Amino acid sequence: MRFRSPFEGAWADPDSMLVVRTGDWRLERPVVREARCSHCGVCWLWCPNNCIRDLGTHFSADLTYCKGCGVCARVCPAAAIVMREEDGA
Amino acid sequence: MRLTASELGIRPFSNDRYFGGHGACPGCGAVSMLRQVMQTVGPKAYYFILASCAGSYFPGEFTVCDSSIIFTVYAAGFAEAEGMSQALELRGRTDETVVAYSGDGGAFDIGLGGLSGIAERNANVLVIVNDNQGYQNTGGQQSGGTPRGIITKSTQPFHQVPAAARNRKDLLELLAAHRVPYLATASAAFPRDLDAKLRKALTYKGFKLVHVVTACLNWGFESRLAIRVARLAVETGVHPLYEIEGGRRYRLSYEPTFAPLEDFTRLQRRFQGVDLALLKQDIAERWEDLRYKAARAWPASARQSA
Ligand SMILES: Cc1ncc(C[n+]2csc(CCOP(=O)(O)OP(=O)(O)O)c2C)c(N)n1
Ligand code: SF4
Ligand code: SF4
Ligand code: SF4
C-alpha cells in the first residue's frame, strides 16, 4: 500500500516505501463463496491485516498480504468463507 | 454475532487508515483493535509507540498507515507524547490528536512512572493500552497485567506458587486516583463500544485512557479464534467494560452474560492445569466493587462539574 500523507511525516518520499509481502506466510487461504456473502463487512472489520477488499457485491481477500489466520472465516455470520489448504497456485 | 455493516457504522469500506504488509503474528487481536482505533481517531494523529509488539506493526523502514508513527522507549514515551501535545498547542494546531500506544508491560510496569506523570499534569494525550496480559513481544513473560496463577514463560506452574502470591494490577483504579478526565475499558470484539468510547474520550481536553484487552497468540489458542477469545473475555466477566469520568463517576457500559469462565480458559494453553477458583474469586470481587461504585448517587453539583 502506498501513501502520500498530507501532513508532516518522518519520510520525505513516502511513495517509495516498501512493504512485506506477508502472503508468503500463509498455510491456508480464505475462499469466499460469493453466493453466500451478504456483503455485511464483518470480515473486513476484523481482519488483522486489512486484506479484505470490497468488490461491490461481495468481499474477497487480497492474497498479497493475507496471512491465512482464519479470523475472517470464524467471524463471518453467513459462514461464507472457507479455509482451503494453500497450494501456492 | 449478528451485526450488519450499517449497525457497525463502518461504511465506506475503502476509507482505510491501516494496511497489510506488517509483521504481526497471523490473527493478532491487537492489530484488529489498532485498526479500529486508527479508523476512529482519523489521519490527523501522531502515535507514540512504546517498545512492544507494535514495533512490528509499523516495521522500521516503512509504514503501513497514513498517520505519523514515532517509536520510543518505555521511560520517555509518555513524556514525549505530552511534549508533542504542548508543541501542537503552542502552534495552535488543535485539530491534531496525540496518541500514546503502550503494551501492558509499558503501562502497568516499566512506563508507569511516566504515565502517572502525564496523568498528574493532565496532558492532552489519548493513551491506548494494549493489554495482552504479558510481555508478549519478548516471548510471553509475566507482567503486572498478567492474571493470577496462569502459565507464562516466566512463571511456575500454578500449584508451585503460593496461592495469594500476587494479583493483577488494576490500572484504571491507579489512574482514577489521579482524578483524570476520562478512563475506559474496551474490547476489539465490541467495535461500536470501542468507537463510542474513543469519540467520547476525544471530546475531553486532557488526559484520557482507553484500556483494551486483546487476544494474543502467546495465550495458546488457534489464530482463527482471536476475536472469539476477546469476546469471551468480556462475556465471562474477566474484562468488564466500563468508564470512569473525573476519576470518580463510574458507568458500566455493557452487562455481560457471565458465561462460565471455563468457556474462555479451555481455548487457551496458558490456563492448562490452572486452578480457576482464585481467578473466579478475583472476578467476583471486581464486579462487586464496580457495581457498588457505579450505583453511587451523585450530588447535583458533582454531576455538573464531572
Ligand atoms: C527498558 C527496557 N527493558 C526491556 C526492553 C525489552 N522489551 C522490548 S519489547 C518488550 C515487551 C513489551 O511488552 P508489552 O509492553 O506488554 O507489550 P506487548 O509486546 O505485549 O504488546 C520488552 C521487555 C526494552 N525495550 N526496554
Ligand atoms: S463476513 Fe461473510 S457475509 Fe459478511 S461480507 Fe464477509 S464474507 Fe460476506
Ligand atoms: S485469513 Fe486472516 S489475514 Fe487472511 S483475509 Fe482472513 S482474516 Fe485477513
Ligand atoms: S505476540 Fe501477541 S500481541 Fe504480539 S504480534 Fe503476536 S499475537 Fe500480536
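In what follows, the accompanying structure is described. (Residues numbered from 1 in each chain as written. Chains lettered and ligands numbered in written order. Predicted model: local features only at pLDDT ≥ 70, side-chain atom pairs only at ≥ 80, totals over all residues. Heavy atoms only, no water.)

1. Digging into the pairing of strand 1 (residues 45-50) of chain B
Residue and element names in this part refer to chain B. Applied cut-off: Think of it in three bands: residues with accessible area under 20% of the maximum for their type are buried, residues over 50% are exposed, and the middle band is partly exposed, with areas taken using a 1.4 Å probe on protein chains only. Each helix corresponds to a stretch of at least 4 residues labelled H or I by DSSP, and each strand to a stretch of at least 2 residues labelled E; elements are numbered beginning at the N terminus. A pair of strands is considered paired only if DSSP assigns at least 2 bridges between the two.
Counting buried residues in strand 1 gives six out of six residues, a clear majority hidden from the surface. Burial along strand 1 is two-sided: the face carrying Ala45, Tyr47 and Ile49 and the face carrying Tyr46, Phe48 and Leu50 are both buried. By the bridge criterion, five bridges tie strand 1 to strand 3 (residues 97-103) in an arrangement that is parallel. If you follow isoleucine 49 over to strand 3, its bridge partner there is tyrosine 101. Taken together, the five bridges between strand 1 and strand 2 (residues 68-72) define a ladder with parallel strand orientation. When the bridges of strand 2 are listed, leucine 50 appears paired with threonine 72.

2. Notes on the site of ligand 4
Where we set the bar: Throughout this document, a residue counts as near a molecule or strand when at least one of its heavy atoms sits within 4 Å of that molecule or strand. Each residue receives one of three labels: charged for Asp, Glu, Lys and Arg, nonpolar for Ala, Val, Leu, Ile, Met, Phe, Trp, Tyr, Cys and Pro, and polar for the others, Gly being one of them.
Lining the immediate surroundings of ligand 4 are B:Ala24, B:Cys25, B:Cys28, B:Cys53, B:Tyr57, B:Asn132, B:Cys216, B:Leu217 and B:Asn218. By residue class, the composition of the shell around ligand 4 is seven nonpolar, two polar and no charged.

3. Quick word on the site of ligand 3
Residues in close proximity to ligand 3 total 15 residues, the closest being A:Cys47, A:Asn49, A:Cys66, A:Cys69 and A:Cys72. Tallied by class, residues from the shell around ligand 3 come to eleven nonpolar, three polar and one charged.

4. Some thoughts on the nonpolar core
Filter applied, for reference: Put simply, buried Ala, Val, Leu, Ile, Met, Phe, Trp, Tyr and Cys residues joined by side-chain atoms within 4.5 Å make one nonpolar core. Contacts are assigned to residue pairs with any non-hydrogen atoms lying within 4.5 Å of each other.
In terms of nonpolar packing, the biggest core is built from 48 residues, with A:Ile52, B:Trp219 and B:Phe264 touching the most fellow members. Elements supplying a minimum of two residues to this core: helix 1 (42-46), strand 3 (59-61) and helix 2 (71-75) of chain A together with helix 9 (226-235), helix 10 (261-265) and helix 11 (277-294) of chain B. Per-element accounting of this core gives the leading share, seven residues, to helix 9 of chain B. Every residue in contact with A:Ile52, bar those within four places of it in the chain, is listed here: A:Cys43, A:Trp44, A:Cys47, A:Phe59, A:Ser60, A:Ala61 and A:Cys72. With 33 residues, the next largest nonpolar core counts B:Cys28, B:Tyr101, B:Ala184 and B:Val210 among its residues.

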